[in-house]
Amino acid sequence: MNAQQDSIHFTKGSWNDMLALAKDANKPIFVDCYASWCGPCKWMTAHVFNDDTVANFYNNHFICYAQDMEKGYGPTLKDHYNILGYPTYLFINADETPLHRSMGSM
């Protein structure tokens with residue numbers, strides 16, 4: 001019997017949508033700041049974000065949001081949170097206060 005593998009469920013929508021969801025759910029936002037050409041970003045998607053333990057934890061404790069920092073609202077977030085490389089992971093309160101950040105594949 002094969003168990004179905006879970007993955008982090010990244011919510012679709014605008015940044016304002018994420019802030020509203022975080023406020024309503026009383027959860028911080030986990031932001032995967034990536035670029036489409038970034039090798040370590042692709043590695044994280046293939047090997048970490050689809051790990052059952054990681055996925056269950058993040059899906060239960062955060063509003064998860066992935067944003068290409070070179071498209072759409074990405075450049076605005078990149079400037080606002082001073083993103084200098086990829087991947088960068090932000091943990092942000094619904095009031096946009098940064099709680100924690102880390103960088104690189106892990």
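To be clear, the structure that these remarks concern was listed above.
Here goes a summary of the coordinates provided. (Residues numbered from 1 in each chain as written. Predicted model: local features only at pLDDT ≥ 70, side-chain atom pairs only at ≥ 80, totals over all residues. Heavy atoms only, no water.)

1. Notes on the pattern of salt bridges
Next, step 1: In this structure the tally under the stated criterion is one salt bridge.
Next, step 2: Among the ionic pairs, Asp68 bridges to Lys71, the shortest N-O distance being 3.9 Å. (Salt bridge = Lys/Arg side-chain N within 4 Å of Asp/Glu carboxyl O.)

2. Topic: the pairing of strand 1 (residues 29–34)
Next, step 1: Counting buried positions along strand 1 gives five out of six residues, so the element sits mostly inside the fold.
Next, step 2: Relative to strand 2 (residues 63–68), strand 1 runs parallel, the two being bridged by six bridges. By the bridge assignment for strand 2, Phe30 is matched with Cys64.
Next, step 3: Across five bridges, the pairing between strand 1 and strand 3 (residues 88–92) is antiparallel. For Val31, the partnering residue across the bridge sits in strand 3 and is Leu90. (Buried < 20%, exposed > 50% of the residue type's maximum accessible area, 1.4 Å probe, protein only. Helix = DSSP H or I, 4+ residues; strand = E, 2+ residues; numbered from the N terminus. Pairing = 2+ DSSP bridges.)

3. Side note on the packing of aromatic side chains
Next, step 1: For the structure shown, the criterion picks out 15 aromatic pairs.
Next, step 2: Geometrically, the ring pair formed by Phe10 and Phe30 is tilted, given 6.3 Å between the ring centres and 35° between the ring planes. Of this pair, Phe10 sits in the segment before helix 1 (15–25) while Phe30 sits in strand 1, and the two are 20 residues apart along the sequence.
Next, step 3: Aromatic rings pair up to connect Phe10, Phe30, Phe49, Phe57, Tyr58, Phe62, Tyr89 and Phe91 into one cluster. (Phe/Tyr/Trp six-rings, centres within 6.5 Å; stacked < 30°, edge-to-face > 60°.)

4. Remarks on the nonpolar core
Next, step 1: Ranked by size, the top nonpolar core spans 19 residues in total, and within it Trp15, Ile29 and Val31 carry the most contacts.
Next, step 2: Among the elements of the structure, helix 1, strand 1, strand 2 and strand 3 are those that each provide at least two residues to this core.
Next, step 3: The biggest single contributor to this core is helix 1, with four residues.
Next, step 4: Not counting chain neighbours up to four residues away, the residues in contact with Trp15 comprise Ile29, Val31, Tyr65, Tyr73, Leu77, Tyr81, Ile92 and Glu96.
Next, step 5: Judged by nonpolar contacts, the second largest core, of eleven residues, contains Phe30, Tyr58, Tyr89 and Phe91. (Core = buried A, V, L, I, M, F, W, Y, C linked by side-chain atoms within 4.5 Å. Contact = heavy atoms within 4.5 Å.)

5. As for unusual backbone geometry
Next, step 1: In this structure, Pro87 follows Tyr86 across a cis peptide bond, with omega equal to -10°.
Next, step 2: Mapped onto the elements of the fold, Pro87 is located in the loop between helix 4 (74–80) and strand 3.
Next, step 3: A positive phi angle, near 55°, is found at Asn26, a position not held by glycine.
Next, step 4: You can see Asn26 is positioned in the loop between helix 1 and strand 1.
Next, step 5: Assessed through its relative accessible area of 71%, Asn26 is described here as exposed.

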